[in-house]
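# Residue-level structural notes
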Amino acid sequence: MQEEEVPFAIRVRDLVVGFGKRAVIDQLSLDVRRGEILGLVGASGGGKSVLMRTIIGLIPRQSGEIEVMGAAIGGTGGRSTRNAAGRWGILFQQGALFSSLTARQNVQFPLRESLVLSDALMDEIANAKLEMVGLAPEDGDKFPSELSGGMTKRVALARALALDPAIVFLDEPTSGLDPIAAGDFDALIKTLQKTLGLTVFMVTHDLASLNTVCDRVAALADGKIVAIGQMRELLQSEHPWVRAYFHGKRSLMLQPKASQ
Amino acid sequence: MTTAPLLTATATDGLLELRPGGSWIAANVAELEQLSDAVAPQLDRSGNVRLDMADVRELDTLGAWLIEKMSRRVMSAGHRAEVVGVADYYAGLIEKVRQVNRASSPPAPARNRILGKVGDIGRATLGAREDVTVFLQLLGSLCVAMLGVLRRPRSLRLTSLVYQVYRVGWRAIPIVVLITFLIGAIIAQQGIFHFRKFGADSYVVDMVGILVLRELGVLIVAIMVAGRSGSAYTAELGSMKMREEIDALSTMGLDPVEVLILPRVIALICALPILSFIGSMAALYGGLLVAWFYGGMEPAIFIARLHDAVSVTHFEVGIIKAPFMALVIGIVACSEGLRVKGSAESLGRQTTTSVVKSIFLVIVLDGLFAIFFASIGM
Ligand SMILES: Nc1ncnc2c1ncn2[C@@H]1O[C@H](COP(=O)(O)OP(=O)(O)OP(=O)(O)O)[C@@H](O)[C@H]1O
Ligand SMILES: [Mg+2]
């Protein structure tokens, strides 16, 4: 069910990104396999969002190469970015919903732009997406300014998934959700990955998500990927920052699982 | 690989068997809608239905929903629909889709058109009253804030005030000078051209002098400031409102009127008279140059005639209006900014409203002043 077999959904080689003199991403290389859920962890302000936005083509890079689904990503707003737009869905950290459209219209927007379908079906699909991410149909009529923080996240997720894209980029999808909703979200992502062969690039600090849904986890520190692999392997990593991250007080819940 | 979607229907004694095949994905939505619409009458006529999914190559949420819709259609008619042959990896999606769109949303109550219109008129009337209330409210809070500042002069945001004066006053000088210069020149040229017919071209000096000093100087500058600085005020305050910055300010115990609005309005009140003065001078200068080069009137004569034609009263009449116009522009701009709701669209709407409203009010105010000055004989 996949098009011309490229083993990697995303390939990043020797990427350098910086603002002014300071390099935020420094000679970073990363491969994301097709159909996997990759979790990216890193310090706050460590450049995770910058990395994600660079891969999408929103931030110009200083050097390095980026390929998404075998197609090179150029500078900002280039043709390749627009072509790729049909194949990816993006959840921004702040939601980035269109403030003058209702939640439902936000979800319908990508559908309307790239498909030809009847209004009735479009409404049904948008409602279905909203319900799948755990919102009530009535919430669809609210404007972004009338949504709670967690609801904003969910609508943004529904919009990212509107076209069932091949790759979704999620920037902290579960932050601001209660644990039950976060659990539902994890289950939804897992289901979609199984059915649609979705590749997920997920920036998250949610240890439970990392542990349950991510096939692999990458750790970003000092502008580089310092460790990548299954959760089990990361827990055994010797890198000081990775150790501090997974063996800190708040991460103790992971330990019994690791020692099994 | 994406393939064209198919849907074959075979009816065998009371059981309709549907075999969807190919790619049931969003990219094929146009064909999929046709296919499922085509079998709809058959579904309604038939009894029990079996959906055999074995031939489906690709499936996504949209495809799963169309299949779910068919089976719901059968079930709502009181028959049985079973979905068979579902590949393992699609089972989860079908299960998810089965749960959605269960609650039927109540249809929006139909709206009586005539009643709706009447309602709109009523709302618009109330809205106009609200405009006045909001204006007076803000004027009141400005007065209170001003009194507070007079009691405790240290609470005046001096840095902000100076910065705003710089922005709305100093930075506006080039454009104000340019435009008023041109307008003065145009008035002089038209005056000379038409007055010449009855040999009164030297009276053009009186016309330019009185018109510019009494009316045009301040009016044009006020309109330009409303467009240039009023819109900026509305957009700034509006986006601060949108991003909850104003709420943050008031939770810190600070009064947004005192911190944000008072410096802006005072800056306008300081800047507008100065800009009007500069603008009037530029207009007179433009008139002088045109009278010299186009009308052949020596500058010395122009100035001497100007001296006879205008008195300080004319100048006073013009400049007295400026602070009041500034107050109106400032209050309208700030109150429209505070009325911005959450969306980008409302920010744009409020900015437009602010400019239109303040230009309108400036002209109305000018008319009122004209009546006032006429009746006190100035
Ligand atoms: N547009 C920008 N201009 C200048 N610096 C920026 C810009 N965007 C991000 N940065 C800087 O890049 C660094 C990385 O930011 P980034 O948003 O990627 O952090 P993050 O890893 O996503 O953190 P968090 O987990 O808090 O979201 C920060 O130091 C930030 O200040
Ligand atoms: Mg971030």
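Residues numbered from 1 in each chain as written. Chains lettered and ligands numbered in written order. Predicted model: local features only at pLDDT ≥ 70, side-chain atom pairs only at ≥ 80, totals over all residues. Heavy atoms only, no water.

### Concerning the overall build of chain B
Assigned secondary structure in chain B consists of 12 helices and five strands. Against the compact-globule benchmark of 21 Å for 378 residues, chain B has a radius of gyration of 35 Å, which places it well outside the compact range. Expressed along its principal axes, the backbone C-alpha trace of chain B runs to roughly 110 × 60 × 45 Å. When burial is assessed residue by residue, chain B has 44% of its 378 residues classed as buried. As presented, chain B carries roughly 19600 Å² of accessible surface, and 66% of it is formed by carbon and sulfur atoms. Put simply, chain B has 35 plus and 32 minus side-chain charges, and the middle of one group is 6 Å from the middle of the other. (Helix = DSSP H or I, 4+ residues; strand = E, 2+ residues; numbered from the N terminus. Rg over C-alpha atoms; globule rule 2.2 N^0.38 Å. Buried < 20%, exposed > 50% of the residue type's maximum accessible area, 1.4 Å probe, protein only. Areas by Shrake-Rupley, 256 points an atom, 1.4 Å probe, with all protein chains shown as cover. Lys, Arg positive; Asp, Glu negative; His and termini not counted. Charge placed at Lys NZ, Arg CZ, Asp CG, Glu CD.)

### Some thoughts on the overall build of chain A
Summing up its helical and strand segments, chain A has 10 helices and 10 strands in all. Nonlocal contacts in chain A, meaning residues at least 24 apart in sequence, comprise 64% of its contacts between residues at least 6 apart. (Contact = heavy atoms within 4.5 Å.)

### Points about the pairing of strand β10 (residues 224-229) of chain A
Residue and element names in this part refer to chain A. Where strand β9 (residues 216-221) lies against β10, five bridges are found, and the strand directions are antiparallel. Counted as the bridge partner of leucine 220 is isoleucine 225 from β10. Linking β9 to β10, which pair antiparallel, is a turn of two residues; within it aspartate 222 sits at a positive phi near 50 degrees. (Pairing = 2+ DSSP bridges.)

### Section: the sheet that holds strand β3 (residues 37-42) of chain A
Residues and elements named next belong to chain A. Spatial ordering of the open sheet is given by β6-β7-β8-β3-β9-β10, a layout of six strands whose pairing is mixed. A single partner strand is all that each edge strand has here, and the edge strands are β6 (88-91) and β10. Here the strands of the sheet are splayed against their neighbours by 15 degrees on average, with no regard to which way each runs. The strands that helix α5 (residues 149-160) touches are β6 and β7 (167-171); relative to β6, the one it contacts most, it runs at about 170 degrees. (Axes fitted to C-alpha atoms, helices over the stretch in contact; angles between N-to-C directions.)

### Some remarks on the interface of chain A and chain B
Tallying the contact residues gives 24 residues for chain A and 27 residues for chain B. In this assembly, chain A packs against chain B so that about 2300 Å² is buried in total across both faces, 64% of it on carbon and sulfur atoms. Summed over the shared surface of chain A and chain B, the result is one salt bridge. Lysine 69 of chain B is paired through a salt bridge with glutamate 124 of chain A; the nearest N and O atoms lie 2.9 Å apart. Applying the counting criterion to the chain A and chain B interface returns six residue pairs in polar contact (both at pLDDT 80 or more). Secondary-structure elements contributing two or more residues to the side of chain A that touches chain B are α4 (119-132) and α6 (179-196) of chain A. Considering every element that reaches the side of chain A that touches chain B, the biggest residue donor is α4 of chain A, with eight residues. (Buried area = accessible area lost by both parts, 1.4 Å probe. Salt bridge = Lys/Arg side-chain N within 4 Å of Asp/Glu carboxyl O. Polar contact = N/O pair within 3.5 Å; in protein donor to acceptor, adjacent residues only side chain to side chain.)

### A word on the site of ligand 1
Residues and elements named next belong to chain A. The environment of ligand 1 is formed by 14 residues, the closest being Ser44, Gly45, Lys48, Ser49 and Gln93. Within the side chain of serine 49, an N or O atom sits 2.6 Å from an oxygen atom of ligand 1. Between an oxygen atom of ligand 1 and a side-chain N or O atom of histidine 205, the distance comes to 3.3 Å. Here ligand 1 loses 61% of its free accessible area of 640 Å² to cover by the protein chains. If you list the elements that add at least two residues to the shell around ligand 1, you get β2 (22-33) and α1 (48-56). Element by element, the count of residues in the shell around ligand 1 is highest for α1, at three residues. (Near = heavy atom within 4 Å.)

### A few points about the coordination of the magnesium ion (ligand 2)
Residue and element names in this part refer to chain A. Protein ligation of the magnesium ion (ligand 2) involves Ser49 (OG) and Gln93 (OE1), the donor distances falling in the range 1.9 to 2.3 Å. Of the two residues, serine 49 sits in helix α1 while glutamine 93 sits in the loop between β6 and α3 (103-114), which places them 44 residues apart along the sequence. A residue is classified by how much of its surface remains accessible, and serine 49, at 22% relative accessible area, is partly exposed. Overall, the relative accessible area of 31% leaves glutamine 93 in the partly exposed class. (Donors = N, O, S within 2.8 Å, 3.2 Å for Na, K, Ca; no water.)

### Here's the deal with unusual backbone geometry
Of note in this structure, alanine 96 of chain A is not a glycine but carries a positive phi near 55 degrees. Relative to the assigned elements, alanine 96 of chain A resides in the loop between β6 and α3. Located in the positive-phi region is glutamate 244 of chain B, a residue other than glycine, with phi close to 65 degrees. Tracing the backbone through its elements, the reader meets glutamate 244 of chain B in the loop between α7 (204-242) and α8 (245-251).

### Thoughts on helix α3 (residues 88-99) of chain B
Every buried residue of α3 of chain B is accounted for by Tyr90, Leu93, Ile94 and Val97 of chain B. Along the axis of α3 of chain B, the buried positions cluster into a sector of 100 degrees, meaning they face one direction only. Check the buried side of α3 of chain B and you find it contacts α4 and α6 of chain A together with β4 (56-59) and α2 (61-76) of chain B. Just downstream of α3 of chain B, asparagine 101 of chain B is the residue with a positive phi angle, here 55 degrees. (Arc of directions from axis to C-beta.)

### What to know about the packing of aromatic side chains
Evaluated as defined, the whole model comprises 12 aromatic pairs over all chains. Ring geometry for phenylalanine 169 of chain A against phenylalanine 201 of chain A: centres 5.6 Å apart, planes inclined by 55 degrees, an arrangement best described as tilted. With phenylalanine 169 of chain A in strand β7 and phenylalanine 201 of chain A in strand β8 (residues 199-203), this residue pair connects regions lying 32 residues apart in the sequence. Across the pair, exposure class does not vary: phenylalanine 169 of chain A and phenylalanine 201 of chain A are buried alike. Relative to phenylalanine 293 of chain B, the ring of tryptophan 292 of chain B lies with its centre 4.8 Å away and its plane at 20 degrees, an arrangement referred to as stacked. (Phe/Tyr/Trp six-rings, centres within 6.5 Å; stacked < 30°, edge-to-face > 60°.)

### Things to note about α7 of chain B
Where α7 of chain B bends most, the angle comes to about 60 degrees, and this point is valine 212 of chain B. After α7 of chain B finishes, the residue glutamate 244 of chain B shows a positive phi value of roughly 65 degrees. (Bend = angle between axes of the 7 residues up to and from the residue.)

### Quick look at the packing of helix α1 (residues 29-45) of chain B against α2 of chain B
All names here are of chain B. Running from N to C, α1 and α2 point in directions that differ by 10 degrees, and their axes come no closer than 10 Å. Considering the angle they form, α1 stands roughly parallel to α2. Contacts between α1 and α2 involve Val29, Leu32, Ser36, Val39, Ala40, Leu43 and Asp44 from the former and Leu62, Leu66, Met70, Arg73 and Val74 from the latter. Its residues assigned to classes, the contact of α1 with α2 shows nine nonpolar, one polar and two charged. (Parallel < 35°, antiparallel > 145°, perpendicular 65-115°, else oblique. Nonpolar A, V, L, I, M, F, W, Y, C, P; charged D, E, K, R; others polar.)

### Digging into the pattern of salt bridges
Residues and elements named next belong to chain B. Tallying each qualifying case throughout the model produces 27 salt bridges over all chains. For glutamate 215, the salt bridge goes to lysine 321, with nearest N and O atoms at 3.4 Å. Taken together, the residues glutamate 215 in helix α7 and lysine 321 in helix α11 (residues 312-338) connect sequence positions 106 residues apart. On the basis of relative accessible area, lysine 321 is assigned to the buried category, the value being 1%. Ionic pairing is found between aspartate 366 and lysine 321, a salt bridge with its closest N-O pair at 2.7 Å. Pair noted here: aspartate 366 is in helix α12 (residues 344-375) and lysine 321 is in helix α11, with a separation of 45 residues, a long-range link. Taken individually, aspartate 366 and lysine 321 each receive the classification buried, so the pair is uniform in this respect. Several salt bridges share partner residues, and in doing so they unite Glu130, Asp131, Glu336, Arg339 and Lys357 into one network.

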